[in-house]
Amino acid sequence: MLFVCCATLYPFLYLVAQSFSSEAAIIQGKVSLLPVEFNIQTYVSVLKKGDFLLSYKNTLIYVVLGTVAAIVLSCCMAYPLSKSDLKGSKFFMKFIIFTMYFGGSLISNYILIIKLGLKDTMGAFILPMMISTYYVILMKSFFAETPHELEEAGELDGLSPIGIFIRIVLPLSMPIIATMILFNAVGYWNSYFSAMLYITKPSLITLQVFMKNFIQDCGVLVDKIESTSEMIGVVSTGNVIACCTVLGVLPIVILYPFVQKYLGKDFKDVSKRSENN
């Protein structure tokens, strides 16, 4: 386990050390786990860019809206399918599974986005990833394990099917919901292709597209950021790649331990309830 942890952490720590090191030290291979010739100019240069803060804000908005919509729609689809007495449930499941293996081509999807008038809108980024067949199947399987007796008790208390779902099923299903929140949020945060394909407005740019453009044009951007010859030697491709990667992964690295702790607590609670029953 210790070896696995070290093997997992080393690339990230090496990247952080690179982002704080000088370009000369990176080229000469002097950087390992600690920065060499400590340098924060790359971070200053990136953070001074107005497009960086704009892309961060846009990406956060897309992640929040997309994740909330994905969870709501996935729950509304998975819960009815978890009921064996639902008429046509087998047909709907086969139809849903069919979409896992057969889908529209890239060109047809692009034409669809254009025809719907979604190009250069939030919808072009959020909608294509809103429903995942795999996630729906996972949630459906989890909902199917909810004790039927609890739902019957809620029905006897006068709760409607929606009331049973909101007040009984959802609280018991927090582990799978928290997991799906994490998966969807990471998916939206890391999404690059949809943003590159469907969004061309600078005001709607995402973080991943910004980092790609910044890294690609770092030579030109450095000339604009600082005109002195000394700065040109300090900020270069190696620093920029490491810096952008660290800034891009930082929110997920910060949030994941809290989500993981929450997931572990929920799974323990569910296990205790199952033992008591």
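A few points on the structure. Along each chain, the written sequence defines residue order, and numbers are assigned to residues from 1. Only residues with pLDDT of 70 or above have their local features reported here, since the model is predicted, and side-chain atom pairs are shown and tallied only from 80 upward, although totals for entire chains, interfaces and linings are computed over all residues. Hydrogens and water molecules were not included; the side-chain quantities draw on all heavy atoms of the structure.

## Observations regarding the nonpolar core
Here is step 1 of the chain: Throughout, nonpolar core names a set of buried Ala, Val, Leu, Ile, Met, Phe, Trp, Tyr and Cys residues whose side chains join them through atoms within 4.5 Å. Each residue is placed in one exposure class: buried if its accessible area under a 1.4 Å probe, protein chains only, is under 20% of its type's maximum, exposed if it is over 50%, and partly exposed if it falls in between. Within the largest apolar cluster, 28 residues are counted, with the highest numbers of intra-cluster contacts made by Val46, Phe52, Phe125 and Phe210.
Here is step 2 of the chain: Within the residue set of this core, elements represented by two or more residues are α3 (41-48), α4 (50-81), α7 (122-126), α11 (174-190), α13 (207-216) and α16 (237-276).
Here is step 3 of the chain: Examining the composition of this core, we find that six residues originate from one element, α16, more than from any other.
Here is step 4 of the chain: Residue contacts follow a heavy-atom distance rule, with two residues in contact if any of their heavy atoms lie within 4.5 Å. In contact with Val46, other than residues within four places in its own chain, are Phe52, Phe210, Phe214, Cys243 and Leu247.
Here is step 5 of the chain: Ile71, Ala78, Phe165 and Ile168 belong to the second largest nonpolar core, which has 16 residues in total. The helix count covers DSSP runs of H or I at least four residues long, the strand count covers runs of E at least two residues long, and both are numbered beginning at the N terminus.

## Concerning the packing of helix α10 (residues 161-172) against α11
Here is step 1 of the chain: Packing of α10 against α11 leaves a shortest axis separation of 5 Å and a crossing angle of 70°. Classified by the angle between their axes, α10 and α11 sit roughly perpendicular to one another. Between α10 and α11, the residues in contact are Leu170, Pro171 and Leu172 and Met174, Pro175 and Ile177, respectively.
Here is step 2 of the chain: Of the residues assigned to the contact of α10 with α11, the class counts are six nonpolar, no polar and no charged. To obtain each axis, a line is fitted to C-alpha atoms, and for helices this fit is confined to the stretch in contact; angles are then taken between N-to-C directions over 0 to 180 degrees. Angles are sorted into four bins: roughly parallel if under 35 degrees, roughly antiparallel if over 145, roughly perpendicular if 65 to 115, and oblique for all others. Ten residue types, Ala, Val, Leu, Ile, Met, Phe, Trp, Tyr, Cys and Pro, are classed as nonpolar, four, Asp, Glu, Lys and Arg, as charged, and the remainder, Gly among them, as polar.

## Some thoughts on the environment of Leu159
Here is step 1 of the chain: Locating Leu159 in the fold gives a position in the loop between α9 (148-156) and α10.
Here is step 2 of the chain: Look at Leu159 and you get partly exposed, because its relative accessible area is 22%.
Here is step 3 of the chain: Residue contacts for Leu159: discarding those within four places in its chain leaves Gly154, Ile164, Arg167 and Ile168.

## Here we look at the side chain of Ser19
Here is step 1 of the chain: Position of Ser19 relative to the elements: it lies in helix α1 (residues 2-19).
Here is step 2 of the chain: Overall, the relative accessible area of 0% leaves Ser19 in the buried class.
Here is step 3 of the chain: Pairs of N or O atoms are called polar contacts if they sit within 3.5 Å, as long as, within protein, a hydrogen donor faces a hydrogen acceptor (for residues adjacent in sequence, only side-chain-to-side-chain pairs). At 2.6 Å, the side chain of Ser19 and the backbone oxygen of Val16 are in polar contact.

## A look at the packing of aromatic side chains
Here is step 1 of the chain: Here the aromatic set is Phe, Tyr and Trp, taking the six-membered ring for Trp, and pairing holds for ring centres within 6.5 Å; pairs whose planes are under 30 degrees apart are stacked, those over 60 apart are edge-to-face, and all others are tilted. Considering all chains together, one arrives at 17 aromatic pairs under this definition.
Here is step 2 of the chain: Here the aromatic rings of Tyr79 and Phe165 are separated by 4.6 Å at their centres, their planes lie at 35°, and the arrangement is tilted. Remark: Phe165 occurs in helix α10 and Tyr79 occurs in helix α4; sequence separation between them is 86 residues.
Here is step 3 of the chain: Tyr79 sits in the buried class, given a relative accessible area of 12%.
Here is step 4 of the chain: Three or more aromatic residues joined by ring pairs make a cluster, and in this case those are Phe52, Tyr56, Trp189 and Phe210.

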